[in-house]
Structure formats: C-alpha cells, structure tokens
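Coordinate inspection notes
Below, each chain spelled out in residue letters.
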Amino acid sequence: MKKTKDENTEEQILEAAKNIFQSKGMDGARMQEIADKAGINKAMLHYYYRSKQLLFEAVFNNAFLLLAPQLNTVLNDDSSIEEKIKNFTTNYISFILKHPYLPNFVIQELNRNPEFILKMKENKEFPNLEKFKKQVNEEIKKGIIKPIAAEQLFINIMALNIFPFVAKPLIKAFINADDETYLQLMENRKTEVSNFIINSIKH
C-alpha cells in the first residue's frame, strides 16, 4: 500500500507543479503554492523534491519525454519522407491538442535556461537526425524530392507544426477566431501542412 500511496503523492505533486509552472513560470512559482495545490504540506513536498529547480526539472523532463517519442518515430521509422511528413504532422497536431500546454512550456524553459538542453541531449530519447538526413539525401539522388538540406526540411516541419500552438492568442486575434474555429483550423492543418511541405519538395 505504501508504494502505491507514494506514487500517487508524487503524481499529485507533479500535476500540481505542472499547473503552477505553466501559469506562473519557474520564477513566479512558490513551493508553498504547489504543496497547497497538491494537498500536502511543504515538508512533504521537500521530502520528494529538495528544491524548486529539481521539481521544475522533473516536470520539464516529463513534458519533454512526452514530445520526444513523437519526433523519434518520424525520424527513425522506415517510411518515405512524404509519409514521414504526413505522419508527423497528423500525430503531432493530435498530440498537442491533447496537451496544449507543452509547446509554450518547453520553449519558455529553453529561453530561460538555454543550457538545460545540454542535459536533455544526454537522454536516449533525445531525437537523432542522422537517419533522416541520410534518407533525405537518398531521395534527392533518386529524384524523388528536390534538393534541400535535411536540416532545413526538419526545421520547416517543426516550425509549421509548432508555431500555431505557441502563437495561439496572436493567431486567434489576427483571424478573429473563437476557440471552436481555432480547433477546427488546427484539425485542418493535419493535411494543409503536410500537403504544403510535400508540394514544396516534390518534383
């Protein structure tokens, strides 16, 4: 029973911390507030996480490790570049619609603490571009796609998928969209983005 209780308490702490960090950022969050939201006292919170930085890193790791497999799948499966683009766009947009806090949360922390990404790179789940680069070059040689640097193609895929979520309030204001309209636009982007990128690189 104790093990289950401990795991439940840790889950409560991480969920509470995620909500507080998401709304107030690392600097604005207070350990007492996180403890209150988790329904525990501050001493118990410090028993699990000795400092706010350690707690933040745990929350950030969880967030990043939700995203990393999405990238790894598209980079390392055996599908064509065209299929990779379609699969990544569909899977990523579906995933972020379920976890809308993630893009801003990750980018906010990387801007606050750029060195933190060096720690993340040590994780075996961290995306590796080597197979993707090799595959892009092979498809260029075969005349399947136009010449393009694999790094540029990867950035295009990432940017077109991530930006609409990071800039949600701005986009909604520009196009005068309510939440329902915005969500429908994001659903439509599953095909719009992949078609746009594929058409730009196909002969």
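Residues numbered from 1 in each chain as written. Predicted model: local features only at pLDDT ≥ 70, side-chain atom pairs only at ≥ 80, totals over all residues. Heavy atoms only, no water.

Looking at an unreviewed UniProt entry, one finds the protein named TetR family transcriptional regulator, with Mariniflexile fucanivorans as its source organism.

What about the overall build of the protein?
Helix and strand counts for the protein stand at 11 helices and zero strands. Each helix and strand of the protein, ordered N terminal to C terminal, gives the series α-α-α-α-α-α-α-α-α-α-α. Oriented by its inertia axes, the alpha-carbon framework of the protein measures out at about 65 × 40 × 35 Å. Put simply, the protein has 203 residues, and 38% of those count as buried. Taking the contacts inside the protein whose residues are at least 6 apart along the sequence as the reference set, 69% of them involve residues at least 24 apart. With the model as given, the accessible surface of the protein reaches about 11900 Å², and the carbon-plus-sulfur share is 54%. (Helix = DSSP H or I, 4+ residues; strand = E, 2+ residues; numbered from the N terminus. Buried < 20%, exposed > 50% of the residue type's maximum accessible area, 1.4 Å probe, protein only. Contact = heavy atoms within 4.5 Å. Areas by Shrake-Rupley, 256 points an atom, 1.4 Å probe, with all protein chains shown as cover.)

So, helix α9 (residues 150-166)
In a regular helix each residue adds 1.5 Å, so 17 residues correspond to 24 Å; α9 covers 24 Å between its end C-alpha atoms and thus fits that length. For α9, the principal kink sits at alanine 159 and spans about 25 degrees. Restricting attention to buried positions, one finds in α9 the residues Ala150, Leu153, Phe154, Ile157, Met158, Asn161, Ile162, Pro164 and Phe165. In this structure, the buried side of α9 is in contact with α4 (52-76), α5 (81-98), α6 (102-112), α8 (130-141), α10 (168-174) and α11 (179-201). (Expected span 1.5 Å × (residues − 1). Bend = angle between axes of the 7 residues up to and from the residue.)

Some remarks on the UniProt feature "DNA-binding region" (unreviewed entry) in the protein
On the UniProt side, "DNA-binding region" (unreviewed entry) is annotated at positions that read residues 30-49 here. In the segment residues 30-49, helix accounts for 75% and strand for 0%; the C-alpha atoms at its two ends are 13 Å apart. (UniProt positions renumbered as here; feature names shortened; annotations may be inferred.)

Side note on the environment of glutamate 180
Mapped onto the elements of the fold, glutamate 180 is located in helix α11. Since its relative accessible area comes to 65%, glutamate 180 is described here as exposed.

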